[in-house]
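Here are the chains, one letter per residue:
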Amino acid sequence: MADIYVYNNVTAGAPTSGTLAATKSVTKPYAGYYTAVLNAPVPVTQGQNFSVVIKFTNSSYSWPMVVEQYVAGYSSGVTNAAGQSFYSSDGTGWGDWYDNSSNQYKINNCIKAFIGGDCTPNAKKDLVGSYTDGVWYRSSDSGAWTQLGSPATLLAVGDLDGDCIDDMIGIWPSQGGVWVKYSKTGTWALLSSTARHITTGDMNGDGKPELLGTWDGQGVYWRDNTTGAWTQLATPANLITAGDIDGDGKDDLIGIWPSQGGVWAKSSLNGAWTQLSSTATDIAAGDMNGDGRKELLATYDGQGVYYRNSLTGAWTLMSTPATQVTCGDLDGDGTDDLIGIWPSQSGVWVKYSKTGAWALLSSSATDIVSGRMRAFGASGTMDSMGLVSPFGAFVSGPQKGRSGLDLSDQGPGGRHFVNKAGTNLAPQPSGASMIPTTAGPGEPGFRFIEQKNLRPGEKLR
């Protein structure tokens, strides 16, 4: 467990002096590096001293602090300075690591504060859906709906322009393909010709998500936000998603290749392929258990919606089968919530990770994703474009009929495909019976949880 305290205007050498500006408590089941999003931004000015103080509690280990230090022959690049890192056994008396053992070990705490410019991302994500009358997002704070564009065939979201608010990305075949509506300017840009499926992920480790798409006859590519260059990751997939399941700080490609036995992941760490499951009907990736790593979330016909623990390979049943699944932290507890479409139960539902309760968010949409669509938790700061179609200049990308494509990248569908793993492939054997364990859409004990804040003009069926 970590209790986090942020202080403003601190006195040199006294980390808990000054004004307490924010607190946050997080509990994680595994050791590792985690990012905790504050409930509200803490303003700081140039030249102002502030401190991030963390009280670590670990009932099974007496030395829970994580530090970096110089070790001859192993880590020679560690540096520190006086007044940077401190330690305390009681939170009152503090020692400076720089003074420890005459600084021969160059010890520094492994704590980093992320400072934004004029924006701080909201801790909560919002539902984004495409409906017959347009693309809308629903504020997780107020329940208010805001329209972003005309109806899209498929949706994705990601902060491509770096303003801490996710941009809407979608496929509008009648308009030439894949478009983005930048939240910073409200302008539209054409990113590529029409893809079979799209998603976003941080594929190069720069801290920003990139567009990924799969094109029939060409492959799976990701697009660099700065240069516009495309990089091929694999041969064509039916569906794709992305998430850091190997823990290296970069997102891994995850997709469905039915001809190769189902759901596979390509590790960004070493390029190795791993089969995660038999063929699912829809997939997503999210931190479903609060361990700081992404897990595969998938729905299977006749079996249910499951997620796969990235560390152990164990599967957890979350609900009965959904038509489509996605996930996102709508309740702000640091763990992603299951979001899906269950048409027989009136549409789009969320299962909150904080309480396990189900809530109806909307009538059935044609496609759903989640993203941070607002800054500072405001209920709808993005301008509505009305019933508009995407419009902008063409940007080149994978095109149908392009010749000379190099398909030598080994992976699903490639000539040198190798089955890297054969365990934990399916949540349940084909034909196995399922015992519902959670009351939710389609399950015994189902209850109508919420019918307010539905999209304007929609009615329950």
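In this text, all values refer to a predicted model and were calculated from it rather than measured experimentally.

Participant: Tell me about the environment of Q175, and please be specific about residues and values.
Facilitator: Mapped onto the fold, Q175 is located in the loop between strand 12 (167–172) and strand 13 (177–181). Separated by 18 residues in sequence, Q175 and S193 have C-alpha atoms that sit 9.3 Å apart.

Participant: Go over the sheet that holds strand 25 (residues 304–308) with me, naming the residues and quoting the values.
Facilitator: In any sheet, the strands associate via hydrogen bonds between backbone groups, in a parallel or an antiparallel arrangement. Here we have four strands laid out as an open sheet, ordered 23-24-25-26, and antiparallel in their pairing. This sheet does not close on itself; its edge strands, each paired only once, are strand 23 (282–286) and strand 26 (315–319). Adjacent strand axes in the sheet meet at a mean angle of 25° when their direction is disregarded. Pairing geometry for strand 25 and strand 26, over four bridges, is antiparallel. When the sheet's bridge partners are listed, V305 is paired in strand 26 with S319.

Participant: Which residues make up a nonpolar patch on the surface, and what values do they have?
Facilitator: A contiguous nonpolar patch, built from F56, M65, V67, Y87 and I111 and spanning about 360 Å² of accessible area, is present on the exposed surface. As for its placement among the helices and strands, M65 is situated in the loop between strand 3 (50–56) and strand 4 (67–68).

Participant: Outline the side chain of K266, listing residues and values.
Facilitator: Relative to the elements of secondary structure, K266 occurs in strand 21 (residues 262–266). For K266, a relative accessible area of 14% corresponds to the buried category.

Participant: I'd like a description of the packing of aromatic side chains, backed by residues and values.
Facilitator: For the structure shown, the criterion picks out 11 aromatic pairs. Judged by centre distance (4.3 Å) and plane angle (40°), the rings of Y87 and W97 are tilted. One end of the pair, Y87, is in strand 5 (residues 86–87); the other, W97, is in the loop between strand 6 (95–96) and strand 7 (108–109), with 10 residues separating them in the sequence. With a centroid separation of 6.2 Å and 80° between ring planes, the pair formed by Y300 and Y306 is classed as edge-to-face.

Participant: I'd like a description of the pattern of salt bridges, backed by residues and values.
Facilitator: Within the structure shown, the criterion is met by four salt bridges. Note that R374 is salt-bridged to D141, the shortest N-O span being 2.9 Å. With a gap of 233 residues between them, R374 in the segment after strand 31 (367–371) and D141 in the loop between strand 9 (134–138) and strand 10 (145–149) connect regions that are remote in the sequence. A relative accessible area of 0% places R374 in the buried class. Judged by its relative accessible area of 38%, D141 is partly exposed. Two residues, R196 and D216, come together in a salt bridge whose shortest N-O distance is 2.8 Å.

Participant: Describe the nonpolar core, and please don't skip the residues or the numbers.
Facilitator: Across soluble globular proteins, nonpolar side chains show a tendency to be buried alongside one another. With 16 residues, the main nonpolar core has I254, V263, L276, A280, I283 and L296 as its most contacted residues. Top contributing element to this core by residue count: strand 24 (residues 295–300), with three residues. For I254, the contacting residues outside a window of four places in its chain are L239, I240, T241, G243, I245, V263, W264, A265, L276, I283, A285 and L296.

Participant: Break down the pairing of strand 1 (residues 2–8) for me, citing the residues and quoting the values.
Facilitator: Two faces make up the sheet, and in a regular strand the side chains alternate between them. Along strand 1, six of the seven residues are buried, which leaves the element largely enclosed by surrounding structure. Bridge count between strand 1 and strand 3: seven bridges; the pairing is antiparallel. Among the inter-strand pairings, V6 is bridged to a residue of strand 3, identified as V52. With seven bridges connecting them, strand 1 and strand 2 (residues 19–26) associate as antiparallel partners. Its bridge partner being in strand 2, Y5 is matched across the sheet by T23.

Cut-off values and rules
Residues numbered from 1 in each chain as written. Predicted model: local features only at pLDDT ≥ 70, side-chain atom pairs only at ≥ 80, totals over all residues. Heavy atoms only, no water. Helix = DSSP H or I, 4+ residues; strand = E, 2+ residues; numbered from the N terminus. Pairing = 2+ DSSP bridges. Axes fitted to C-alpha atoms, helices over the stretch in contact; angles between N-to-C directions. Patch = residues over 30% accessible without salt bridge, like charges linked within 9 Å, V, L, I, M, F, W, Y side chains within 5 Å. Areas by Shrake-Rupley, 256 points an atom, 1.4 Å probe, with all protein chains shown as cover. Salt bridge = Lys/Arg side-chain N within 4 Å of Asp/Glu carboxyl O. Buried < 20%, exposed > 50% of the residue type's maximum accessible area, 1.4 Å probe, protein only. Phe/Tyr/Trp six-rings, centres within 6.5 Å; stacked < 30°, edge-to-face > 60°. Core = buried A, V, L, I, M, F, W, Y, C linked by side-chain atoms within 4.5 Å. Contact = heavy atoms within 4.5 Å.

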